[in-house]
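Now for the letters of each chain:
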Amino acid sequence: VVAVMAGNGPRPVDVVGAENSPVWTRLYSDNPTPEACATLAQTLKIMGASRMVVGHTPQVRTGVAPACDGMVYRIDVGMAAHYGGKPAALEIDKNVVRVLQD
């Protein structure tokens, strides 16, 4: 996936083209199931990561919203005029997570 994102390889359909590919999945966008959170925990452990940040599905009611006990942050706040969301950002500094918004 890293090579694809850097433009150094072909774009495999199962990575970027399929509805449930890592790039397009909405598994964590609404209310992730306990099973989804367990899979995420395993994936993060394998990757040596502590959290994942996702977008693409507006979180208009909540703004930036964590899920799965903070293992995933949903950061699409719907800033497009259609949704009317307010700007926000996620800051991660020395493993401290802060939501920045007006």
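To start, this report covers the structure provided alongside it.

About the cut-offs
- Residues numbered from 1 in each chain as written.
- Predicted model: local features only at pLDDT ≥ 70, side-chain atom pairs only at ≥ 80, totals over all residues.
- Heavy atoms only, no water.
- Patch = residues over 30% accessible without salt bridge, like charges linked within 9 Å, V, L, I, M, F, W, Y side chains within 5 Å.
- Areas by Shrake-Rupley, 256 points an atom, 1.4 Å probe, with all protein chains shown as cover.
- Salt bridge = Lys/Arg side-chain N within 4 Å of Asp/Glu carboxyl O.
- Helix = DSSP H or I, 4+ residues; strand = E, 2+ residues; numbered from the N terminus.
- Buried < 20%, exposed > 50% of the residue type's maximum accessible area, 1.4 Å probe, protein only.
- Expected span 1.5 Å × (residues − 1).
- Arc of directions from axis to C-beta.
- Pairing = 2+ DSSP bridges.
- Disulfide = S-S within 2.5 Å.

### A word on a nonpolar patch on the surface
A grouping of Val53, Ile75 and Ile92 is seen on the molecular surface, where their side chains present a nonpolar patch of about 210 Å² in accessible area. With respect to the element layout, Ile92 can be found in strand β4 (residues 88-93). By relative accessible area, which is 41% here, Ile92 ends up partly exposed.

### Concerning unusual backbone geometry
Phi at Lys94 takes a positive value of approximately 55°, unusual for a residue other than glycine. On the secondary structure map, Lys94 appears in the loop between β4 and β5 (96-101). At Asn95, a residue that is not glycine, the phi angle is positive and equals roughly 70°. Positionally, Asn95 belongs in the loop between β4 and β5. Overall, the relative accessible area of 55% leaves Asn95 in the exposed class.

### What to know about helix α3 (residues 34-47)
Between its first and last C-alpha, α3 extends 20 Å over 14 residues, near the 20 Å set by a 1.5 Å rise per residue. For α3, the full list of buried residues reads Ala36, Cys37, Leu40 and Leu44. Taken around the axis of α3, the buried residues stretch over an arc of 95°, which confines them to a single face. The outward face of α3, more than 90 degrees from its buried face, is lined by the exposed residues Pro34, Glu35, Gln42, Lys45 and Ile46. Following α3 by one or two positions, Gly48 has its phi on the positive side, about 70°.

### Points about the pairing of β5
Both β4 and β5 contribute to a ladder of six bridges, which runs antiparallel. Along β5, the bridge assignment pairs Ala89 with Leu100. In sequence, β4 turns back onto β5 through a hairpin of two residues, with Lys94 there showing a positive phi of about 55°.

### Some words on the state of the cysteines
Taken as a whole and judged by the stated rule, the model has one disulfide. The side chain of Cys37 participates in a disulfide bridge whose partner is Cys68; the two sulfur atoms lie 2.0 Å from each other. Residues Cys37 and Cys68 are joined through a disulfide that is left-handed, its torsion about the S-S bond being -70°. Separated by 31 residues along the polypeptide, Cys37 in helix α3 and Cys68 in the loop between β2 (65-67) and β3 (72-74) bring together distant segments of the chain. With respect to burial, Cys37 and Cys68 carry one shared label: buried.

### Considerations on the pattern of salt bridges
For the structure shown, the criterion picks out one salt bridge. Between Glu91 and Arg98 there is a salt bridge, with its nearest N and O atoms 2.8 Å apart. Look at Glu91 and you get partly exposed, because its relative accessible area is 28%. Judged by its relative accessible area of 44%, Arg98 falls in the partly exposed class.

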